[in-house]
Amino acid sequence: MAMVEPLDGPGVGVPFTDGPKVEIPHHVDPPNPPTHSLPLSQLKGDYDDPSAVTFVLRDEDHTLGNSLRYLLMKNPRVSFCGYSLPHPSEYKVNLRIQTD
């Protein structure tokens with residue numbers, strides 16, 4: 001049985017037993033592999049009004065959605081920008097932009 005010293009200094013170690021060796025992968029695949037070749041597309045049915053468009057960003061979440069919304073709203077020509085995630089288990093962001 002081997003002994004491990006505690007992190008706060010020398011003293012009584014913590015015993016452990018040698019168990020089976022587990023390989024840790026260097027690369028972990030995303031939970032939902034991409035199904036489309038382009039990560040950005042325009043939502044169908046939004047072609048009538050060029051001043052308001054909804055984009056779909058695949059394989060993204062709140063991190064990019066909120067960052068893009070924040071930066072786009074700094075532009076004075078943007079009157080509305082918002083994003084939504086259609087479902088928590090889908091890595092997809094709907095980003096709506098409306099200009100003056």
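Here, every reference points to the structure presented above.
What comes next concerns the included structure.

Parameters and conventions
Throughout this document, residue positions are counted from 1 along each chain, in the order its sequence is written. In keeping with the model being predicted, local features are shown solely for residues with a pLDDT of at least 70 and side-chain atom pairs are shown and tallied solely at 80 or more, while totals for entire chains, interfaces and linings include all residues. Hydrogens and water are ignored here; the side-chain numbers use all heavy atoms of the structure. Each helix is a run of H or I in the DSSP string that is no shorter than four residues. Each strand is a run of E no shorter than two, and both are numbered from the N terminus. We call a residue buried when its accessible area falls under 20% of the maximum for its residue type, exposed when it is over 50%, and partly exposed in between, using a 1.4 Å probe and counting protein chains only. Using the Shrake-Rupley algorithm and a 1.4 Å probe, accessible areas are obtained, with residue cover drawn only from the displayed protein chains. Nine residue types can take part in a nonpolar core, namely buried Ala, Val, Leu, Ile, Met, Phe, Trp, Tyr and Cys, and a core is a set of them joined through side-chain atoms within 4.5 Å. Residues are treated as being in contact if the distance between any of their heavy atoms lies within 4.5 Å. Any two strands between which DSSP finds at least two bridges are classified as paired. For helices, the axis comes from a line fit to the C-alpha atoms of the stretch in contact; other axes are also lines fit to C-alpha atoms, and the angle between any two N-to-C directions lies between 0 and 180 degrees. Distance and chemistry together define a polar contact, namely a pair of N or O atoms within 3.5 Å, with one atom able to donate a hydrogen and the other to accept it when in protein, and with adjacent residues in sequence counting only for side-chain atoms on both sides.

With that settled, the discussion passes to the overall build of the protein. Helix and strand counts for the protein stand at one helix and six strands. In the protein, the order of α-helices and β-strands from amino to carboxyl end is β-β-β-β-α-β-β. Every one of the 100 residues in the protein was classed for burial, and the buried ones make up 16%. Carbon together with sulfur atoms contributes 60% to the accessible area of the protein, which is approximately 8,200 Å² in total.

Turning to the nonpolar core, a few remarks are in order. One broad rule of soluble globular proteins: the nonpolar side chains tend to lie buried together. With six residues, the main nonpolar core is built from Leu57, Val78, Cys81, Val93, Leu95 and Ile97. Secondary structure elements with two or more residues in this core: β5 (78-84) and β6 (92-99). With three residues, the top contributor of residues to this core is β6. Not counting residues up to four positions away in its chain, the partners in contact with isoleucine 97 are Ser51, Ala52, Val53, Phe55, Leu72, Val78, Phe80 and Cys81.

As a further point, take the environment of proline 86. Position of proline 86 relative to the elements: it lies in the loop between β5 and β6. Proline 86 sits in the partly exposed class, given a relative accessible area of 42%. Beyond its immediate stretch of four places on either side in the chain, proline 86 contacts Lys92 and Asn94.

So, about the sheet that holds strand β3 (residues 40-42). Pairing within the open sheet is antiparallel, and its four strands lie in the order β3-β4-β6-β5. The open sheet has two free edges, formed respectively by β3 and β5, since each of these has just one partner strand. On average, each strand axis in the sheet is tilted by 20 degrees relative to the strand beside it, whichever way the strands run. Direction of pairing for β3 relative to strand β4 (residues 52-58): antiparallel, over a ladder of three bridges. Directly across from glutamine 42, in β4, lies its bridge partner phenylalanine 55. Against the sheet, helix α1 (residues 62-73) makes contact with β4, β5 and β6, and its axis sits at roughly 175 degrees relative to β5, the strand it touches most.

Within the fold, threonine 54 resides in strand β4. Side-chain polar atoms of threonine 54 contact the side chain of arginine 96, separated by 2.9 Å.

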